[in-house]
Amino acid sequence: MIAWLTAFIDGEQVATDFWTQVTATTLSPWRGERDEFATLEPRAGDAYLRVQLAATPLRIHLDLHVADVRTAAARAESLGARRVADHGYLVMSSPTGLPLCLVPWHGESTRPEETVFGSLVDQVCLDVDAANFDRELGFWRDLSGWPVQVSPLPEFAALQRPSELPLRLLVQRRDSDSGDTTAHLDIACVDRAAEVDRHLRLGATKVRSTQWWTTLRDPAGLEYC
């Protein structure tokens, strides 16, 4: 059902200069009724990262590009999603509160390759309270039709995307209850230490580091790994 995925960075203050440099993309002209939307345009392939200036705290939401928005909405609602607004595209909320949009698919099919820095935003991680983990994972599994991949770390479950899609989905069980489900971006890289140093030079700050990943905060305060 999901023909393409786009990750949006939303908020009153979005670090657009930082993200264009991190992703080696070009910021499109602003568009929308209030000039609130812009696309991070890759050098090759179809765009899958966008920014939105909105009266919300900094956050990530997903756009699901589908062949038929109304049919997809009915399917999502049958699985527990809630319809929030209709702008021609549909603003929805997942069963545990993650914002998402259903938008028309316009034939996007070419996943951009890694940047010259050997890195690529390639995953959105959904951060879910323990009590809601199975419900949220089941929603995304059933909505996408993607199989769940067992993770060596018990707090994670990955959904196996089709190879042509730009973003993987990972569901993470949070240690403590924090309310609605949120999301963050994950960047894959061939040299984590070098990539972290590059981000720090561009204005990020380091939050923590583990054997598996490093958590950073962009200049506006958005955390990512």
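As a reminder, the structure under discussion sits directly above these lines.
**A look at the packing of aromatic side chains**
At step 1: Across all of its chains, the model carries six aromatic pairs by this definition.
At step 2: With centroids separated by 6.1 Å and ring planes inclined at 75°, the aromatic side chains of Phe-8 and Phe-37 adopt a geometry described as edge-to-face. Highlighted residues: Phe-8 in strand E1 (residues 4-11) and Phe-37 in strand E3 (residues 37-41), separated in sequence by 29 residues.
At step 3: Here Trp-19 and Tyr-224 contribute two aromatic rings whose centre-to-centre distance is 5.0 Å and whose plane-to-plane angle is 65°, an arrangement assigned as edge-to-face.

**Quick notes on the pattern of salt bridges**
At step 1: This structure, assessed with the given rule, holds nine salt bridges.
At step 2: For Arg-198, the salt bridge identified is with Glu-195, shortest N-O distance 2.7 Å. Note that Arg-198 and Glu-195 are positioned in helix H4 (residues 192-201) at a spacing of three residues, about one turn of the helix.
At step 3: Take Arg-198: its relative accessible area is 7%, and that puts it in the buried class.
At step 4: A residue is classified by how much of its surface remains accessible, and Glu-195, at 5% relative accessible area, is buried.

**Here we look at the sheet that holds strand E2 (residues 26-27)**
At step 1: Strand order in the open sheet formed by eight strands is E2-E3-E4-E1-E5-E8-E7-E6, and the pairing between neighbours is mixed. Both edges of this open sheet fall to E2 and strand E6 (82-86), since each of them pairs with a single strand only.
At step 2: Judged from the four bridges that link them, E3 and strand E4 (residues 49-53) form a sheet pairing that is antiparallel. Residue Ala-38 lies in a different strand from E4, and its bridge partner there is Val-51.
At step 3: Contacting strand E5 (59-66), E6, strand E7 (90-93) and strand E8 (99-104), helix H2 (residues 69-78) crosses the sheet at an angle of about 15° to E7.

**Some details on the pairing of E3**
At step 1: Here E3 lies mainly inside the structure; four of its five residues are buried.
At step 2: Bridge count for E2 against E3 is two bridges, and the pairing is antiparallel. When the sheet's bridge partners are listed, Leu-27 is paired in E3 with Leu-40.

**Observations regarding the environment of Asp-177**
At step 1: Its location among the elements puts Asp-177 in the loop between strand E12 (168-173) and strand E13 (182-189).
At step 2: Asp-177 gets classed as exposed once you look at its relative accessible area, which sits at 62%.
At step 3: Here Asp-177 is in contact with Asp-129 and Ala-130, once residues within four sequence places are set aside.

**Here's the deal with the state of the cysteines**
At step 1: As enumerated under the stated definition, the model contains zero disulfides in all.
At step 2: Cys-125 carries a free sulfur, and the closest cysteine sulfur to it, the one in Cys-225, is 7.2 Å from it.

**Focus: the sheet that holds strand E15 (residues 214-217)**
At step 1: The strand order across the open sheet formed by three strands is E14-E15-E16, and the pairing between neighbours is antiparallel. Every interior strand has two partners, whereas the edge strands, strand E14 (205-209) and strand E16 (223-224), have only one.
At step 2: Sheet topology note: the E15/E16 ladder contains two bridges and is antiparallel. Note on E16: the bridge partner recorded for Leu-216 is Tyr-224.

Cut-offs applied
- Residues numbered from 1 in each chain as written.
- Predicted model: local features only at pLDDT ≥ 70, side-chain atom pairs only at ≥ 80, totals over all residues.
- Heavy atoms only, no water.
- Phe/Tyr/Trp six-rings, centres within 6.5 Å; stacked < 30°, edge-to-face > 60°.
- Helix = DSSP H or I, 4+ residues; strand = E, 2+ residues; numbered from the N terminus.
- Salt bridge = Lys/Arg side-chain N within 4 Å of Asp/Glu carboxyl O.
- Buried < 20%, exposed > 50% of the residue type's maximum accessible area, 1.4 Å probe, protein only.
- Pairing = 2+ DSSP bridges.
- Contact = heavy atoms within 4.5 Å.
- Axes fitted to C-alpha atoms, helices over the stretch in contact; angles between N-to-C directions.
- Disulfide = S-S within 2.5 Å.

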